[in-house]
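Reading the structure
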Amino acid sequence: MNRTLAALAALSLVSVSTVAQGQAPSLESQADAALKGDTHAWDFVEGITTEVGPRQAGTEAEARARAWATAWLTAKGFANVADEPFMMDTWVPGDIARARVTAPFAQDLVVLPLGDSAATAAGGIEGEVVFFRTVDDLRAAPAGSLKGKIAYISHQMRPAQDGSHYGFAGPVRWVGAGIAASKGAVATVIKSVGTDHHRNPHTGGTSFPEGVAPIPAGALSLPDAENLERMFDRAGGRPITLKLELNPRQIGQTQSGNVVGEIVGSNPSLPPVLLACHIDSWWNAPGAFDDGAGCAIIAAAALNVARSGQPLRTIRVLMAGAEEVGLHGSVAYSKAHIDEAIAVGLESDFGADRIWRFDSNFLEANPALHRRIAASVARFGVSTSREAAGGGADLNIVRDQKGALIDLQQDGTRYFDLHHTPDDTLDKIDIAQLRQNVAVWTQVVGILADESTSIQTGGPIPSAPAIMQRQ
Ligand SMILES: [Zn+2]
């Protein structure tokens, strides 16, 4: 405690003296200033949710979001701003999503299609519902046992700071429809993979195994799913029948793109620090938490680092397209740039609530740097761990290069109340927590961007100029 106070006192003295001498503020004071009053991140997320809103991958709404982000980065002074196009197979949700219990307790339920769902016949499809409490119960159902039936799959997801129940409940959405289809089901509805009790279904991608034709697949809001489950309790063995009508469709290949921009370092021959987020959202979600906030945080951090002086390494932001529907932007970026070494990758894609833990995948190989970063963010309430960072979804290039990764873990307690729903709106962002994110990112990115040796190993960078290798 004493040591921390002394270090803080020393830091504030340093920042006062640099300001007095008219030099650029130190990285530490820049990070502290971000905690108190960063405006860049709010400016981004307020702007994109207000001027663009929902931005489904591969559609004209996503194209508008990319144009908006390109203009924002340019206006803020980023260099080498570009929208790097790629083609993708695009699915759109349609405009009909209806579910109605027809017997024994006739009433409507609130439903939305899952990404890659097939359409029902016009007018809908009706069948008996078979209730599975878990995805493992569905897996255990005999082959062919769902012929002509509609599978309903439940789960018991709970909020968690680390969001770990997404891994527990997520398979209901990710693979449930495909398993049900392979056993003969004509459609699937799931309890939304979420933790709120608003009457909003949580959409998200589903998938069908090779050789299994897609079936209509919808998510019920949690209150509607619980209502359906109560019907099973009261039905006394009578069949429960559901009529489902969805009209999503595949529209073939359309264009998406990855928006990039740079703060150019003083030695651009050094591998850059890559900061990632994704620009797309689901059609039903304005995408404030997922992932407008992430793009806002990384861009703000890059700007704050630049304000404390030109970094040694280039800082590149990657606002990936088409993440939600299958990481198309991440895959395309890696394919296009695989031969350009990345020094280290970091991603923000878990909302806007505070960062509580720093993880890296170089604790063993470069313990000095890991410890230095951990110490630098302790004042923001960020701990560290021995967990190996795996990087976010848009960091395929770094994983493909087997490079250095950092995870700045955010508090996910309320993330799955909002995830992939119409509730993912700007008012949910707590500006104090958003600024804590920017402060931590500014501090960490600033350290990484000034590292002259390999971030992964602490050793020399093989491709670096000789002058760098002597340091
Ligand atoms: Zn996301």
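Residues numbered from 1 in each chain as written. Predicted model: local features only at pLDDT ≥ 70, side-chain atom pairs only at ≥ 80, totals over all residues. Heavy atoms only, no water.

Focus on the coordination of the zinc ion
Within the protein, the atoms that donate to the zinc ion are His278 (NE2), Asp290 (OD), Asp349 (OD) and Asp349 (OD), at distances of 1.9 to 2.7 Å. Angles of 52 to 147 degrees at the metal separate the four donor atoms of the zinc ion, which places the site in the irregular class. Read N to C, the donor residues that coordinate the zinc ion are spaced as H-x11-D-x58-D. Taken together, the residues Asp290 in helix 9 (residues 288-307) and Asp349 in the loop between strand 13 (344-347) and strand 14 (355-360) connect sequence positions 59 residues apart. (Donors = N, O, S within 2.8 Å, 3.2 Å for Na, K, Ca; no water. Tetrahedral: all angles 85-135°; square planar, octahedral: opposite > 155°, others 65-115°. Helix = DSSP H or I, 4+ residues; strand = E, 2+ residues; numbered from the N terminus.)

Observations regarding the packing of aromatic side chains
Under the definition given, this model contains 13 aromatic pairs. Ring plane angle 40 degrees and centroid distance 5.1 Å describe the contact between Phe131 and Phe232, whose orientation is recorded as tilted. With Phe131 in strand 5 (residues 125-132) and Phe232 in helix 8 (residues 222-234), this residue pair connects regions lying 101 residues apart in the sequence. Look at Phe232 and you get partly exposed, because its relative accessible area is 23%. Ring geometry for Phe350 and Tyr415: centres 4.4 Å apart, planes at 40 degrees, overall tilted. Separated by 65 residues along the polypeptide, Phe350 in the loop between strand 13 and strand 14 and Tyr415 in helix 13 (residues 415-418) bring together distant segments of the chain. Judged by its relative accessible area of 3%, Tyr415 falls in the buried class. Of the aromatic side chains, those joined through ring pairs into one cluster are Tyr166, Trp174, Phe289, Phe350, Tyr415 and Phe416. (Phe/Tyr/Trp six-rings, centres within 6.5 Å; stacked < 30°, edge-to-face > 60°. Buried < 20%, exposed > 50% of the residue type's maximum accessible area, 1.4 Å probe, protein only.)

Looking at the nonpolar core
Judged by nonpolar contacts, the single largest core of 93 residues is most densely connected at Phe44, Leu275, Met319, Leu346, Ile406, Trp441 and Leu448. Top contributing element to this core by residue count: helix 9, with 13 residues. Not counting residues within four places of it along the chain, the set of residues in contact with Ile406 comprises Val344, Gly345, Leu346, Glu347, Phe358, Asp359, Ser360, Phe362, Ile373, Ala389, Val444 and Leu448. With 19 residues, the next largest nonpolar core counts Phe131, Ala187, Leu244 and Leu246 among its residues. (Core = buried A, V, L, I, M, F, W, Y, C linked by side-chain atoms within 4.5 Å. Contact = heavy atoms within 4.5 Å.)

Regarding the side chain of Thr421
Secondary-structure assignment places Thr421 in the loop between helix 13 and helix 14 (431-449). Of the residues examined, Thr421 reaches a relative accessible area of 0% and is grouped as buried. Of the polar contacts made by the side chain of Thr421, one reaches the backbone oxygen of Leu418; its length is 2.8 Å. Within the local environment of Thr421, its side chain forms a polar contact with the backbone nitrogen of Asp423, the two atoms lying 3.0 Å apart. Beyond its immediate chain neighbours, meaning those up to four positions away, Thr421 contacts Asn200, Pro201, His202, Asn284, Ala285 and Pro286. (Polar contact = N/O pair within 3.5 Å; in protein donor to acceptor, adjacent residues only side chain to side chain.)

A closer look at the side chain of Glu324
The residue Glu324 is located in the loop between strand 12 (315-320) and helix 10 (328-337) in this model. It is Arg173 that comes nearest to the buried, bridge-free Glu324 among opposite-charge side chains, at 6.2 Å. A distance of 3.2 Å separates the side chain of Glu324 from the side chain of Trp282, its partner in a polar contact. At 3.1 Å, the side chain of Glu324 and the side chain of His420 are in polar contact. Other than its neighbours up to four places away in sequence, Glu324 contacts His278, Asp280, Ser281, Trp282, Asp290 and His420. (Lys, Arg positive; Asp, Glu negative; His and termini not counted. Salt bridge = Lys/Arg side-chain N within 4 Å of Asp/Glu carboxyl O.)

Concerning the confidence of the model for the protein chain
Counting all residues, the mean pLDDT for the protein chain is 94, and 93% of those residues have values of 70 or more. Counting interchain partners and residues more than four positions distant, the pLDDT-below-50 stretch residues 1-21 has eight contacts. A low-confidence stretch, residues 466-471 stays under pLDDT 50, and its non-local contacts, those more than four residues away or across chains, total ten contacts. (pLDDT = per-residue confidence, 0-100.)

Digging into the packing of helix 3 (residues 40-51) against helix 9
Interhelical geometry of helix 3 versus helix 9 gives an angle of 145 degrees and a closest axis separation of 7 Å. Judged by the sense of rotation from one axis to the other, the crossing of helix 3 with helix 9 is right-handed. From helix 3, His40, Ala41, Phe44, Val45 and Thr49 reach across to helix 9, where they touch Ala288, Gly292, Ala293, Cys295, Ala296, Ile297, Ala300, Leu303, Asn304 and Arg307. For the contact of helix 3 with helix 9, a count of residues per class yields ten nonpolar, four polar and one charged. (Axes fitted to C-alpha atoms, helices over the stretch in contact; angles between N-to-C directions. Left-handed = near helix turned anticlockwise from the far one by under 90°. Nonpolar A, V, L, I, M, F, W, Y, C, P; charged D, E, K, R; others polar.)

What about the environment of Arg98?
Along the chain, Arg98 falls in strand 2 (residues 97-103). With near-sequence residues (within four places) excluded, Arg98 lies in contact with Val111, Lys243, Leu244, Glu245 and Leu246.

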